[in-house]
Amino acid sequence: MSLFEVFPHLVAAWTVVGLIVLPFLFFIPAPYGRYARPGWGPLISPRLGWFLMEGPSALAMAALFLAGSRTREPMSGIFLGLWEAHYVYRAFVFPWIRRSGGRLMPLSVVLMGATFNVVNCLLNGLWLFRYAPHRELTWLADPRFVAGLALFVTGFSIHVQSDRILRGLRKGATAEYAVPRGGLFRWVSCPNYLGEMVEWIGWALATWSLAGLSFAVWTIANLLPRAVSHHHWYRSHFPDYPTDRKALVPFVF
Ligand code: NDP
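All values derive from a computational prediction rather than experimental measurement.

Caption draft 1: Just the overall build of the protein, in detail. Within the protein, the regular secondary structure consists of 7 helices and 2 strands. What you see in the protein, going N to C, is helices and strands ordered as α-β-α-α-β-α-α-α-α. A compact globule built from 253 residues would reach a C-alpha radius of gyration of about 18 Å, and the protein, at 19 Å, matches this within 12%. For the protein, the C-alpha atoms occupy an extent of roughly 55 × 40 × 35 Å along the three principal directions. Taken over 253 residues, the protein has a buried fraction of 49%. Taking contacts inside the protein between residues at least 6 apart in sequence as the whole, the part at least 24 apart equals 82%. As presented, the protein carries roughly 12200 Å² of accessible surface, and 71% of it is formed by carbon and sulfur atoms. On the protein, the mean spot of the 22 positive side-chain charges and the mean spot of the 12 negative ones are 9 Å from each other.

Dropping the structure here:
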């Protein structure tokens, strides 16, 4: 059996793993940031941690594009551009502008995050640049691409705006937390997570691929439980926390 024949089964199996992980993350929040706790091995600087977790995805996708058979196809270049817009921000900008206040991150979390990212990158890159049916430029006018791109751009904008608001809460070297206000924080506790989910749902639509869907499922599996944990954490730490603010989806959840 060739990799091409096995590929859809690999993607399906990886998606099932994400769905299995999801409920556990409601009870065991990944031990970084406000949930940092002893017992997860050696610690490293979060700047290095985020760079090591996210950098491979930026580099591996570019490598898959160059090594693939679609380098001359404009649609491949467009998909690469969307992917890199996210990962260049996440790996090469975010780690340097975030304010951790000196809190460290377990290397074990970094290794798990990097593995998760590399598998998703491999599945998406192999599909887009090797196995997917040829996509003409007419795909740009397809409603799936148009809607997916709109979601991707909207999600990314929400994500970056929310990150900026969170950054503004820490002045100097403090690791203290404050109640975020403004932007979509008016309605939800974790708009940065919401933005990222919307982004990858948009990606799944725009690429119209099982690999894209799998990544969206994994993103939801990681971020939905963490958003619920953050919401409860805010409520238990700030007596004046806005009571009408939802965890993730404005007015709904
Ligand atoms: P958080 O929202 O927990 O934190 C983001 C940054 O803001 C951190 O530097 C954090 O500091 C700081 N911060 C958060 N809340 C406050 C507050 N109330 N007051 C002051 N500072 C605050 O996001 P994560 O660290 O979990 O994730 C970072 C990004 O990575 C997110 O935008 C997320 O979308 C993305 N991500 C994506 C995943 C995926 O599966 N695609 C998985 C995990 C993350 P501190 O670190 O000290 O808490």
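Caption draft 2: Up close: the site of the ligand. Around the ligand there are 27 residues in total, and Tyr 32, Arg 34, Arg 103, Tyr 177 and Tyr 193 lie nearest to it. Tyr 193 is positioned such that a nitrogen or oxygen atom in its side chain is 2.6 Å from an oxygen atom of the ligand. Here an oxygen atom of the ligand and a side-chain polar atom of His 230 are 2.8 Å apart. With the chains in place, 94% of the 880 Å² that the ligand exposes on its own is no longer accessible. Elements that contribute at least two residues to the shell around the ligand include exactly helix H3 (74-97), helix H5 (143-167), helix H6 (191-207) and helix H7 (210-237). Among the elements that make up the shell around the ligand, the one with the highest residue count is H7 (6 residues). A per-class count over the shell around the ligand returns 11 nonpolar, 6 polar and 10 charged.

Caption draft 3: Region of interest: the side chain of Asp 163. By the element assignment, Asp 163 lies in helix H5. Taking the relative accessible area as the measure of exposure, Asp 163 reaches 7% and is therefore buried.

Here is what the cut-offs are and how they apply
Residues numbered from 1 in each chain as written. Predicted model: local features only at pLDDT ≥ 70, side-chain atom pairs only at ≥ 80, totals over all residues. Heavy atoms only, no water. Helix = DSSP H or I, 4+ residues; strand = E, 2+ residues; numbered from the N terminus. Rg over C-alpha atoms; globule rule 2.2 N^0.38 Å. Buried < 20%, exposed > 50% of the residue type's maximum accessible area, 1.4 Å probe, protein only. Contact = heavy atoms within 4.5 Å. Areas by Shrake-Rupley, 256 points an atom, 1.4 Å probe, with all protein chains shown as cover. Lys, Arg positive; Asp, Glu negative; His and termini not counted. Charge placed at Lys NZ, Arg CZ, Asp CG, Glu CD. Near = heavy atom within 4 Å. Polar contact = N/O pair within 3.5 Å; in protein donor to acceptor, adjacent residues only side chain to side chain. Nonpolar A, V, L, I, M, F, W, Y, C, P; charged D, E, K, R; others polar.

All quantities given are derived from atomic positions and should not be read as evidence of function.
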